[in-house]
Amino acid sequence: MSAHPTLPLVDSTFRSNYQRMYDAVQTVIAGKPEAITNTIVVLLAQGHLLLEDVPGVGKTMLAKSLARSVNGSVHRIQFTPDLLPSDVTGVSVFSPQDHEFTFHPGPIFANIVIADEINRANAKTQSALLECMEEQQVTVDSITHPLQRPFMVVATQNPIDSEGTFALPEAQRDRFMGRISMGYPHREAEISMLTSHHVAEPLDSLGSVLELEQLRQMIEQVRQVTVTDRLSGYVVDLGRATRDHPHISLGASPRALVQWVRAAKSHAAINGRDHVLPEDVRGVAEMLLSHRLILTRRALSEGVEPAALIQELVSATPVG
């Protein structure tokens, strides 16, 4: 049964709350409207986000400002080769006074968890994090501890520096609903940043514009956005097209298609609709597929870009 069974699907309050979140984050992250929108889409769809970009473009700041705007808790984990799974999930410590073990939660217990440079941790620690993402809980010594709600992991990695890194396997990348790249800001945004940041840190003056309960209500409203069988068929056809394309050796998984629908519902809601349209499916396609498609060696040698392939597939696949 829904936690909020009487909520309207999508109303003016939803749109107003979304705009307040967007405007708040934009005061810190200037000149990146698409990155902010896609991050909120993933948050409202209760997915996880992979940020791949060079250092210093605001990846961590984006996650921190989003958490602060909704009055949520945020923990940052700096991934290193010597990081242990228990450093992420927490550990049970024996208390001599009480003669029992007490669980000490790790940094995974937060509304938004920033996993900085996730590809610098070993595979065992990466798997511990990704298990938390999938199960929404931590099990230590056969005792299950539920994670906070809402819960979102924002993982960052630098695609340029590969020395001393452990690349995420394809099956683990599939756990992330979306992947975005911040990119460098345009000239005017950089000038504005230099003008404002040397006076004060914008994040310090960012206050919450929503309470967590309001965010939970928005997430519930996104869940109630309707998807017709025709649109579900469209998503399946797009997914199957990625598996049959001659330039793609590994296409979208069934899990990817489920997350695609959830992201499309979120995209529809922030655009004021209580039902998904084809443009919602297309609007999140690149974010959802860019880290999942594995190109053939021939495609890579010919310089084929995943973004161009995604655009080609979307244009060539009709709505059934």
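Computed from a predicted structure; not experimentally measured.

### Brief notes about the environment of Ile114
Inference 1: Checked against the element boundaries, Ile114 lands in strand E5 (residues 112–116).
Inference 2: Ile114 sits 50 residues away from Lys64 along the chain, and the two C-alpha atoms are 8.1 Å apart.
Inference 3: The contact partners of Ile114, leaving out residues within four places of it in the chain, are Thr60, Ala63, Lys64, Val74, His75, Arg76, Ile77 and Val154.

### Here's the deal with the environment of Ala316
Inference 1: Tracing the backbone shows Ala316 in helix H14 (residues 306–316).
Inference 2: Residue classification places Ala316 among the exposed positions, given a relative accessible area of 60%.
Inference 3: For the pair Ala316 and Leu238, spaced 78 residues apart in sequence, the C-alpha to C-alpha distance is 9.2 Å.

### Observations regarding unusual backbone geometry
The phi torsion of most residues other than glycine is negative, and most of the peptide bonds are trans.
Inference 1: With an omega of -5°, the peptide bond between Arg149 and Pro150 qualifies as cis.
Inference 2: In this structure, Pro150 sits in the loop between strand E7 (143–146) and strand E8 (152–157).
Inference 3: With a phi close to 55°, Gln46 is a non-glycine residue in the positive phi region.
Inference 4: In this fold, Gln46 is placed in the loop between helix H2 (33–44) and strand E1 (49–52).
Inference 5: Look at Asp141: it is not a glycine, yet its phi comes out positive at around 55°.
Inference 6: One can find Asp141 in the loop between strand E6 (137–140) and E7.

### A closer look at helix H5 (residues 123–135)
Inference 1: Here H5 contains 13 residues, and its C-alpha end-to-end distance of 18 Å stays within 8% of the 18 Å for a straight helix at 1.5 Å per residue.
Inference 2: If you check which residues of H5 are buried, you get Thr125, Gln126, Ala128, Leu129, Leu130, Cys132 and Met133.
Inference 3: On its buried face, H5 is in contact with helix H4 (85–89), E5, E6, E8 and helix H6 (170–173).
Inference 4: Structurally, the start of H5 carries an N-cap: the backbone nitrogen of Lys124 is 3.1 Å from a side-chain oxygen of Asn122.
Inference 5: Immediately downstream of H5, the backbone of Gln136 shows phi near 60°, a positive value.

### Focus on the pattern of salt bridges
Pairing of side chains with opposite charge becomes possible as their charged atoms draw close.
Inference 1: All told, the structure shown has 12 salt bridges when counted by the stated rule.
Inference 2: Among the salt bridges present, the one from Asp280 reaches Arg273, with a minimum N-O distance of 2.3 Å. In this structure, Asp280 and Arg273 share a single accessibility class: buried.
Inference 3: Shared partners join several salt bridges into a network, and the residues in it are Glu134, Asp174, Arg175, Arg255 and Arg292.

Cut-off values and rules
- Residues numbered from 1 in each chain as written.
- Predicted model: local features only at pLDDT ≥ 70, side-chain atom pairs only at ≥ 80, totals over all residues.
- Heavy atoms only, no water.
- Helix = DSSP H or I, 4+ residues; strand = E, 2+ residues; numbered from the N terminus.
- Contact = heavy atoms within 4.5 Å.
- Buried < 20%, exposed > 50% of the residue type's maximum accessible area, 1.4 Å probe, protein only.
- Expected span 1.5 Å × (residues − 1).
- Polar contact = N/O pair within 3.5 Å; in protein donor to acceptor, adjacent residues only side chain to side chain.
- Salt bridge = Lys/Arg side-chain N within 4 Å of Asp/Glu carboxyl O.

None of this, on its own, says anything about what the molecule does.
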